[in-house]
Amino acid sequence: MRNARGKSSKIGNAIVYIVIILVVVALGGFFAFFTNGFTGDFKTFYVSMGDESILTNTGGLVLSWDSPITIDVKYTFGALSKEVSGYDVIIVPNADNDFAFLVDGEPYSFSAIDDCTSAFDIQREENSFTINYKSLREILDTLYEESVVDFNKSDVDWEKDLFTMIITSYNGESSICIGFRLEDTIIDKVTLDMEVIEF
């Protein structure tokens, strides 16, 4: 009987040690994830796109006409409090991708625009939002809707981020910046010459 009890005690101890090790490993992975591999502060606010979690500022996204960008806003301990919810999002020009354009013939600088948010089609939900495609012309025309806007497409670096979305936590204490560019494949306007169309 003693041998049986001794064996069961050893097995029980081994199981306890294994559980402890698994808990430590899980906690290590948890803190590694929310500190970006122990290289930054612990993140209590982050966003995700599909299966990708974004905890720090990033860029390189492409907004295309057939692929709207959907951002999910998340809080590490959001399940513990109903008050931990909500967000704000604004879109501003990327100052590193500046170009000149004309408004009623007067020169303007793209980087000088304070806020482009109102020019975008953003569908907001409680814990997420979706940005739909708009061409650069549509965006500028919306921002200066009472004026005539003109720009040279060759002056724009389409390979660099044109805009930055700044997503801020409900209390304004944390934010994540995501740079994105527009897919330059949309024809702004099509003009038909009716005189040469034959049936």
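Above this note sits the structure.
Residues numbered from 1 in each chain as written. Predicted model: local features only at pLDDT ≥ 70, side-chain atom pairs only at ≥ 80, totals over all residues. Heavy atoms only, no water.

Student: Got a minute to help me understand the pairing of strand 5 (residues 87-93) in this structure?
Tutor: With five of seven residues buried, strand 5 lies mostly within the body of the structure. Where strand 5 lies against strand 11 (residues 163-169), seven bridges are found, and the strand directions are antiparallel. Its bridge partner being in strand 11, Tyr87 is matched across the sheet by Ser169. (Buried < 20%, exposed > 50% of the residue type's maximum accessible area, 1.4 Å probe, protein only. Helix = DSSP H or I, 4+ residues; strand = E, 2+ residues; numbered from the N terminus. Pairing = 2+ DSSP bridges.)

Student: How should I be thinking about unusual backbone geometry in this particular structure?
Tutor: For residues that are not glycine, phi is negative in most cases, and the peptide bond is trans in most cases. Of note, the phi angle at Asp104 is positive, near 55 degrees, even though the residue is not glycine. The topology assignment puts Asp104 in the loop between strand 6 (100-103) and strand 7 (106-109).

Student: Is there a simple way to explain the packing of aromatic side chains in this structure?
Tutor: Any two aromatic rings considered together are summarised by their centre-to-centre distance and by the angle between their planes. Evaluation of the coordinates by the stated rule reveals 13 aromatic pairs. Seen in terms of ring centroids, Phe101 and Tyr144 are 5.8 Å apart; in terms of plane orientation they differ by 55 degrees. Their pairing is tilted. Of the two residues, Phe101 is situated in strand 6 and Tyr144 in the loop between helix 2 (136-143) and strand 10 (149-150); the sequence distance between them amounts to 43 residues. Of the residues examined, Phe101 reaches a relative accessible area of 1% and is grouped as buried. With centroids separated by 5.1 Å and ring planes inclined at 90 degrees, the aromatic side chains of Phe120 and Phe163 adopt a geometry described as edge-to-face. With Phe120 in the loop between strand 7 and strand 8 (121-124) and Phe163 in strand 11, the pair connects residues that are 43 residues apart, well separated along the chain. For Phe120, a relative accessible area of 6% translates into the label buried. Overall, Phe163 belongs to the buried group, its relative accessible area being 0%. Grouping aromatic residues by their ring pairs yields a cluster made of Phe99, Phe101, Tyr108, Phe110, Phe120, Tyr144, Phe151, Phe163 and Phe180. (Phe/Tyr/Trp six-rings, centres within 6.5 Å; stacked < 30°, edge-to-face > 60°.)

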